[in-house]
Amino acid sequence: MDFELTEEQKALQKKAREFAINEVLPVARKYDESEEFPMPVINKAWEQDLLNSGIPKKYGGPGYGLLDACIIVEEISSACPGIATSIFDNNLGAEPIIIGGNEEQKTRILGELTNEFKLIAFATSEPTMGSDVAGMKCKAEKEGEDYILNGAKFWITNGGFADYITVFATVDPEQKHKGIAAFIVDTKTEGVRLGKHIPKLGQRASNTVAVTLKNVRVPEKNVLAKPGRGFVLAMQTFAHTRPAIGAFATGCARSAMEYAIDYANKREAFGRPISNFQAIQHKIADMYKDIEAARLLTHKAAWEADQGLDNNMSSAIAKAFASDVVMRVTTEAVQVYGGFGYLRTYPVEKLFRDAKLYQIYEGTSEIQRIVISRFALKGYKHAMPSVFKRDR
Ligand SMILES: Cc1cc2nc3c(=O)[nH]c(=O)nc-3n(C[C@H](O)[C@H](O)[C@H](O)COP(=O)(O)OP(=O)(O)OC[C@H]3O[C@@H](n4cnc5c(N)ncnc54)[C@H](O)[C@@H]3O)c2cc1C
């Protein structure tokens, strides 16, 4: 067992940290307030090979593993969770192609994403459905070898600026997961309408829109998964992207803790720094240990994926745990700041708002607990004999 990062990973962490400090941190507040899309920052991330981190070298990408991606996103998220979400969204959009695309699709689309600065989004969710992916209504009708898409997708990150969207749609809503297929949709295609940015509580630098599809023709070459295969592809994609959500949460929590430490050492009450009070020390200790645990679970889930192991459980654990940690840590960081924590004067207020999203997108905390409890109750093999099969 080895918990140490490799020399290459340490260099990658340094590069991502410098990018976060020099390019992201100085503009984080500005984009939060304006809710504009941080295109220049994302463009710079592309130039520095920090976008598309999961695209294999064969298709022009940096070929980083998922653990490498987690190292990158923890750093960028610690400067601005919203900008980190915008940067990582290309991984989410491209992952179904990396997992399920044929050779021609990979060469063409992944090659395009690495040769030119282009954005790709991901769309399963709809106005009436998010958690229940099998309940989607967006219709895909076969016409010859092509498909015609009709319906609406909602909450699509980077959707307003995307060149491509991997769209999941169903040939028959009655068939539930068996009817779901996946498509690569060029957003310039007739009938695709990208909505206006929807204002949010936090992560305001990330663009969130509705996408409507009206008689959108998808040529055969852009059919990514045939009906019945799309649902599995979406779940496989989430298993590969949920560890990154754990890393986002860890980065956001890490910064909130650092800001809390800075403030606790400086702010005085009753004639001494508040860091002298045991109540504050315990808050910092809890933050530190929880962040450490969140990072370890996240890295384990990413490592399992990199080893080609089934990381469905570990990614659910990492996402659920780290999302809860970041909520606790940012809440307590605001508390350490007292009244100033509630003002926009210090960054903990922003991180507190940004943190909430991790418990919601890419499968809510309740959905992760369904995955975990299903395994714990049915799949998990006990070490000890059953309590009902031994003398009590
Ligand atoms: C900012 C933002 C960006 C997003 N980006 C994208 C994107 O790029 N692409 C995309 O496809 N989607 C995206 N989403 C959608 C996101 O994945 C969904 O919001 C999420 O999956 C939850 O779905 P929902 O909002 O429909 O909630 P619902 O599914 O309606 O759930 C509402 C509540 O009920 C709970 N619940 C639902 N079912 C169960 C159950 N069986 N047991 C217990 N509790 C349950 C949920 O946990 C939640 O608390 C984004 C969302 C946000 C807010």
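To keep things clear, this report deals only with the structure shown in the data block. In this numbering scheme, every chain counts its residues from 1 along its sequence in written order. In keeping with the predicted nature of the model, local features appear solely for residues at pLDDT of at least 70, side-chain atom pairs appear and are counted solely at 80 or more, and the whole-chain, interface and lining totals rest on all residues. With hydrogens and water set aside, each side-chain value is computed from the structure's full complement of heavy atoms.

**Side note on the side chain of Lys 350**
Next up, step 1: Helix numbers and strand numbers start at the N terminus; a helix is a DSSP run of H or I with at least 4 residues, a strand a run of E with at least 2. Examined against the element boundaries, Lys 350 turns out to sit in helix H9 (residues 348–355).
Next up, step 2: Overall, the relative accessible area of 6% leaves Lys 350 in the buried class.
Next up, step 3: In contact with Lys 350, not counting residues within four places along its chain, are Ala 28, Arg 29, Asp 32, Cys 80 and Pro 81. Remark: exposure states derive from per-residue accessible area (1.4 Å probe, protein chains only) relative to the maximum for the residue type, with buried under 20%, exposed over 50%, and partly exposed in between. Pairs of residues are marked as contacts when any of their non-hydrogen atoms sit within 4.5 Å.

**Quick look at the site of the ligand**
Next up, step 1: Neighbouring the ligand are 18 residues; Ser 125, Ser 131, Trp 155, Thr 364 and Glu 366 lie closest to it.
Next up, step 2: Contacts to the ligand include Ser 131, whose side-chain N or O atom sits 2.6 Å from an oxygen atom.
Next up, step 3: For this analysis, a polar contact is any N or O atom pair within 3.5 Å, provided that within protein one partner can donate a hydrogen and the other can accept it, and provided that sequence-adjacent residues contribute only side-chain to side-chain pairs. Between Trp 155 and the ligand, the recorded distance is 2.7 Å, taken from a backbone N or O atom to a nitrogen atom.
Next up, step 4: Considered on its own, the ligand offers 980 Å² of accessible surface; in the complex 66% of this is hidden by protein.
Next up, step 5: Among the elements that take part in the shell around the ligand, strand S3 (residues 146–157) stands out by supplying three residues, more than any other. Distances are taken per atom, and a residue is near a molecule or strand as soon as one of its heavy atoms is within 4 Å of it. Residue-level accessible areas treat just the shown protein chains as cover; the underlying method is Shrake-Rupley with a 1.4 Å probe.

**A word on helix H1 (residues 7–34)**
Next up, step 1: Over its 28 residues, H1 runs 39 Å from end to end, which matches the ideal 40 Å to within 8%, given 1.5 Å per residue.
Next up, step 2: Along its length, H1 shows its largest kink, about 50°, at Ala 28.
Next up, step 3: Those residues of H1 that are buried are in contact with helix H2 (39–47), helix H3 (66–79), helix H4 (81–100) and H9.
Next up, step 4: Just past H1, the residue Glu 35 takes up positive phi, approximately 55°. Residue count minus one, scaled by 1.5 Å, sets the expected span of a helix. One axis fitted to the seven residues ending at a residue, another fitted to the seven starting there: the angle between these axes is the bend at that residue.

**With respect to the packing of aromatic side chains**
Next up, step 1: Two aromatic rings from Phe, Tyr or Trp, using only the six-membered ring of Trp, form a pair when their centres are within 6.5 Å; if the ring planes differ by under 30 degrees the pair is stacked, by over 60 it is edge-to-face, and anything between is tilted. Taken as a whole and assessed by the stated rule, the structure comprises 14 aromatic pairs.
Next up, step 2: Geometrically, the ring pair formed by Tyr 337 and Tyr 346 is tilted, given 4.9 Å between the ring centres and 55° between the ring planes.
Next up, step 3: Using a relative accessible area of 5% as the deciding quantity, one classes Tyr 337 as buried.
Next up, step 4: These aromatic residues form a ring-pair network of at least three members: Phe 88, Phe 248, Tyr 358 and Tyr 361.
Next up, step 5: A ring is scored as having a charge over it whenever the NZ atom of a lysine or the CZ atom of an arginine sits within 6 Å of its centre and within 35 degrees of its normal. Its end group placed over the ring of Tyr 31, Lys 30 keeps NZ or CZ at 4.7 Å from the ring centre.

**Some points on the pattern of salt bridges**
When the charged atoms of two side chains with opposite charge come close together, those side chains can pair.
Next up, step 1: Just to be clear on terms, a salt bridge is a Lys or Arg side-chain nitrogen sitting within 4 Å of an Asp or Glu carboxyl oxygen. Scanning the model with the defined rule gives 32 salt bridges in all.
Next up, step 2: Across the salt bridge formed by Lys 118 and Glu 112, the nearest N and O atoms sit 3.0 Å from each other. As far as burial versus exposure is concerned, Lys 118 and Glu 112 are alike and both buried.
Next up, step 3: Note that Glu 292 and Arg 295 form a salt bridge whose closest N and O atoms lie 3.7 Å from each other. With a gap of three residues between them, Glu 292 and Arg 295 both fall in helix H7 (residues 278–306), about one helical turn apart.
Next up, step 4: Judged by relative accessible area, which is 22%, Arg 295 ranks as partly exposed.
Next up, step 5: A cluster of three or more residues bridged by salt bridges with shared partners is formed by Arg 17, Glu 74, Glu 75, Arg 254, Glu 258, Glu 292 and Arg 295.

Keep in mind these values describe shape, not function.
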